[in-house]
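Coordinate analysis (summary)
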Amino acid sequence: MAELSKIEPLFREHYSFLCSVAYEVVEDEETAKDIVQNFFLYCLDRIASLDIHGSFKSYAFRAVRNASLSYRKKSKKVDYNDDLLKQTGANLACIAEDDREENEIARDLILWQIIGQMPEKRRHIFLLSNKEGLKYTEIAAQLDISVNTVKTHIKLSYEFLRRECRSLIRIVILIYMWIGLY
Amino acid sequence: MNWEKLLRHLEGDKDGGQADEELNQEELEMLLLAEETNMSLNRTDPEMKFPVQAGWEELEARYKEKSRKENLTIGRGRRNWFMAAAAVLACVIGSVWWLSIRPEDPSKNASAPTIAGVKLTLENGKTVALDQKEAPVLKSAGAALNGGTLVYKKEKALPKENEGPVSMNILEVPYGKQTKVELGDGTAIWVNSGSKLTYPSHFSASKRELTLEGEAFFEVSHNAQRPFVVHVKGLNVQVLGTAFNINSFGPAVQTALVRGKVGLEAGSRSVILAPGELGLYGGPNGMLQKTEADLKTYTAWKDGEVYFNNNSLAEIASRLEREYDLHFDFQDESLKSLHFTIDMSKNEGDIQKILNNIRLSTNQVNFLIKGNRITVQRR
């Protein structure tokens, strides 16, 4: 059962998140859990032969989403896509830098701060979409603007978010390390 | 970054949206960021709904159960010894493939079929090679060569009814080659090594019919008013718009359905296939039945891949013989029942590399290569 102990840290780190990702798509808790369980069983079969570096999370996210989407489409075959596992260079043997827990905490801490920096209208639209869960067409109707404008705002929000996350996460990690020293 | 596409995913359009396969790495990272943002904004803690500890215990249980099942198969007498060996070999060979990881090439298999030696007999009975030199002759038959693909002129309108009998083209693909045909109705057909496809340059207005010997992959353009039928060894494969592979090399005709719906009809019997299912017709008692299967085993060739999922060496050899124009001699019949799992791209290795990897993964077989004759020995 050596494989099990190898995969345990990855499982503990990502299991709940991946389940929610699957749940978003399949809208059934048991099915979501099942998809993620199967995904990890699939990884267990391969763990002995893998030793590459990269982000496990981004591979896992894609694999689980795809499995959920194809479940939804009622196609029975689930393909976790070996090529992709190789391409993204998922590292099953150790946790990559990107996946560290500190990143998650940091992200939460700074998310609201970043959103606060968005122009007011954009922030409003972004939150209507992400927090209220409104469709783009619904937002357009509510604010009396075109759907394309909504889409552009959403797009710009994400681009802003990504840019800010990258630079802020670096700073926060530095602070963590700095605090850790003392 | 294709924002139109990405926005559809972000908005949560799950039914209209395609699988994430189509997103590139950058788009995927963005989607991941969005998903996480969404969860923190809504203060949903995934741990509440999906507790890790319970999940972990379940995984442990499932994994142990799975390993126990695999061990059981090993302990069942002499005949299963081969199965056990196969399972081990499958693992070993799997690791060999993993380790010999191909260079990063997401641009996928641009495997242009090699068509030198492919022959086409035209409606008028004339036989030509598929070669740029024959372009004028092909053109007069309404076709053109585009790389390794034979493309027919798109039909602009349905042909008039009661045209005379449709005369046929015959496309013959020798061992070691592959080709692709795009017909006037929009249907694309990949024809594999050692196969023969008989088809009209123009289908009639009410029906599209052609005949296959060997193996081909079909992507049929949808037209319910104009059924598409493939005749193969006494089996009629009735098609609406769909994608599937037919292989008639073995004792049974195997029809593997990737998308859509096809009906298999043999005499008075019929079976309807759903995606993911394999239809079998023929064999010793002429049965017609269906089963679920790993379809990639049947369709990988079209994408320039060599793929076997725990298949016997006999099955593997028979496919390699055709696709690489080889002949296998087994010095010891029992070697035929060793099982292997192989997943590699044709681009990344010639036949020697494939055989070498099989050899490295077991201490039982050895391959002697002389030209295109391969002797399989017990080591």
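Rules behind the numbers
- Residues numbered from 1 in each chain as written.
- Chains lettered and ligands numbered in written order.
- Predicted model: local features only at pLDDT ≥ 70, side-chain atom pairs only at ≥ 80, totals over all residues.
- Helix = DSSP H or I, 4+ residues; strand = E, 2+ residues; numbered from the N terminus.
- Contact = placed C-beta atoms within 7 Å.
- Buried ≥ 20, exposed ≤ 12 C-beta atoms within 10 Å, placed from the backbone.
- Pairing = 2+ DSSP bridges.
- Axes fitted to C-alpha atoms, helices over the stretch in contact; angles between N-to-C directions.
- Core = buried A, V, L, I, M, F, W, Y, C linked by C-beta atoms within 7 Å.
- pLDDT = per-residue confidence, 0-100.
- Left-handed = near helix turned anticlockwise from the far one by under 90°.
- Nonpolar A, V, L, I, M, F, W, Y, C, P; charged D, E, K, R; others polar.
- Expected span 1.5 Å × (residues − 1).
- Parallel < 35°, antiparallel > 145°, perpendicular 65-115°, else oblique.

1. Here's the deal with the overall build of chain A
Helices and strands together make up the secondary structure of chain A, namely eight helices and zero strands. Along chain A, helices and strands appear, N-terminal first, in the series α-α-α-α-α-α-α-α. Long-range pairs, those at least 24 residues apart, make up 76% of the contacts in chain A with a sequence separation of at least 6.

2. As for the overall build of chain B
A count of helices and strands for chain B gives nine helices and 23 strands. Per-residue burial for chain B yields a buried fraction of 30% across its 379 residues.

3. With respect to the sheet that holds strand 3 (residues 143-146) of chain B
Residue and element names in this part refer to chain B. A sheet is described by the order of its strands in space; here nine strands give the open sequence 3-4-6-7-10-13-14-17-18, paired in mixed fashion. Each edge of the open sheet is held by one strand with a lone partner, namely strand 3 and strand 18 (287-292). Averaged over neighbouring strand pairs, the angle between their axes works out to 20° when direction is ignored.

4. Observations concerning the pairing of strand 9 (residues 208-213) of chain B
Residues and elements named next belong to chain B. Going residue by residue along strand 9, you find Arg208, Leu210 and Leu212 tucked away on one face and Glu209, Thr211 and Glu213 left uncovered on the opposite face. Strand direction decides the pairing type here: strand 9 and strand 11 (residues 228-232), joined by four bridges, are parallel. Bridge pairing in strand 11 links arginine 208 to phenylalanine 228.

5. Quick notes on the nonpolar core
In terms of nonpolar packing, the biggest core is built from 44 residues, with B:Val191, B:Leu197, B:Ala216, B:Val230, B:Val237 and B:Ile246 touching the most fellow members. Formed by 28 residues, the second largest nonpolar core is a distinct cluster that contains A:Tyr15, A:Tyr23, A:Phe40 and B:Leu59.

6. Comments concerning the sheet that holds strand 23 (residues 373-378) of chain B
Residue and element names in this part refer to chain B. If you trace the three strands from one edge of the open sheet to the other, you get 20-23-22, paired in mixed fashion. The open sheet is flanked by strand 20 (327-330) and strand 22 (365-370), the only strands paired with a single partner. Each neighbouring strand pair of the sheet contributes to a mean axis angle of 25°, computed without reference to strand direction.

7. What to know about the pairing of strand 12 (residues 235-239) of chain B
Residue and element names in this part refer to chain B. The alternating pattern of strand 12 places Leu235, Val237 and Val239 on a buried face, while none of Asn236 and Gln238, on the opposite face, is buried. Pairing of strand 11 with strand 12, which is carried by five bridges, proceeds in the antiparallel orientation. Looking at the pairing, valine 230 lines up with valine 237 of strand 12. As consecutive antiparallel partners, strand 11 and strand 12 are separated by two residues, and within that stretch lysine 233 has a phi angle of approximately 45°, a positive value. Bridging between strand 12 and strand 15 (residues 262-266) involves four bridges; their strand directions are antiparallel.

8. Considering the confidence of the model for chain B
Taken residue by residue, chain B gives an average pLDDT of 80. The fraction at 70 or more is 82%. For the stretch residues 73-82 of chain B, pLDDT sits under 50, and the model shows seven contacts to residues farther than four places along the chain or on other chains.

9. As for the packing of helix 1 (residues 2-26) of chain A against helix 2 (residues 29-46) of chain A
Angle between the axes and distance between the axes are the two parameters that describe a pair of packed helices. Residue and element names in this part refer to chain A. One way to put it is that helix 1 packs onto helix 2 with a least axis distance of 8 Å and a crossing angle of 145°. For the element pair helix 1 and helix 2, the recorded crossing hand is right-handed. Residue-level inspection shows Glu3, Ile7, Phe11, Tyr15, Leu18, Cys19, Ala22, Tyr23 and Val26 of helix 1 in contact with helix 2, the latter providing Glu29, Thr31, Ala32, Lys33, Ile35, Val36, Phe40, Cys43 and Leu44. Each residue belonging to the contact of helix 1 with helix 2 can be placed in one class, and the counts come to 14 nonpolar, one polar and three charged.

10. Some remarks on the environment of B:Pro227
Residue and element names in this part refer to chain B. Along the chain, proline 227 turns up in the loop between strand 10 (215-220) and strand 11. Sequence separation between proline 227 and lysine 207 is 20 residues; the distance between their C-alpha atoms is 5.2 Å. Not counting the four nearest positions on each side in its chain, proline 227 is found in contact with Lys207, Arg208 and Gln238.

11. Some points on helix 2 of chain A
Between the first and last C-alpha of helix 2 of chain A there are 26 Å, a value that for 18 residues agrees with the 26 Å anticipated at 1.5 Å per step. Considered for burial, the residues of helix 2 of chain A that qualify are A:Ala32, A:Lys33, A:Ile35, A:Val36, A:Gln37, A:Phe39, A:Phe40, A:Cys43 and A:Leu44.

12. Observations regarding helix 2 (residues 25-41) of chain B
Compared with an ideal rise of 1.5 Å per residue, which puts 17 residues at 24 Å, helix 2 of chain B spans 24 Å between its outermost C-alpha atoms and is within 8% of the ideal. Those residues of helix 2 of chain B that fall on the buried side of the exposure criterion are B:Leu28, B:Met30, B:Leu31, B:Ala34, B:Glu36 and B:Thr37.

13. What to know about the environment of B:Val52
Among the structural elements, B:Val52 can be located in helix 4 (residues 52-74). The contact partners of B:Val52, leaving out residues within four places of it in the chain, are A:Arg12, A:Tyr15, A:Ser16 and B:Glu47.

14. Side note on the confidence of the model for chain A
Residue and element names in this part refer to chain A. Here chain A averages 73 in pLDDT, while 65% of its residues score no lower than 70. Across chain A, the secondary-structure element scoring lowest on mean pLDDT is helix 4 (residues 82-87), at 47, and the one scoring highest is helix 7 (residues 136-143), at 90. Segment residues 84-100: pLDDT under 50, and 46 contacts once partners within four positions in sequence are set aside and those in other chains are kept.

15. Considerations on the packing of helix 3 (residues 56-72) of chain A against helix 2 of chain B
With their axes 10 Å apart at the nearest point, helix 3 of chain A and helix 2 of chain B run at an angle of 85° to one another. One finds that helix 3 of chain A runs roughly perpendicular with respect to helix 2 of chain B. Contacts between helix 3 of chain A and helix 2 of chain B involve A:Ser58, A:Phe61 and A:Arg62 from the former and B:Leu28, B:Glu29 and B:Leu32 from the latter. Counted by class, the contact of helix 3 of chain A with helix 2 of chain B contains three nonpolar, one polar and two charged residues.

16. Points about unusual backbone geometry
Residues and elements named next belong to chain A. Here the phi dihedral of glutamate 27 falls at roughly 55°; this positive angle occurs in a residue that is not glycine. Structurally, glutamate 27 is set in the loop between helix 1 and helix 2. One non-glycine residue, aspartate 144, lies in positive phi territory at about 60°. Within the secondary structure, aspartate 144 sits in the loop between helix 7 and helix 8 (147-181). We classify aspartate 144 as exposed; it has 6 C-beta atoms within 10 Å.

17. Overview of the environment of B:Ala252
Residue and element names in this part refer to chain B. Tracing the chain through its elements places alanine 252 in strand 14 (residues 252-259). Taking the C-alpha atoms as reference points, alanine 252 and glycine 282, separated by 30 residues in sequence, lie 4.5 Å from one another. When residues no more than four places from it in sequence are discounted, the contact partners of alanine 252 are Leu280, Tyr281, Gly282 and Gly283.

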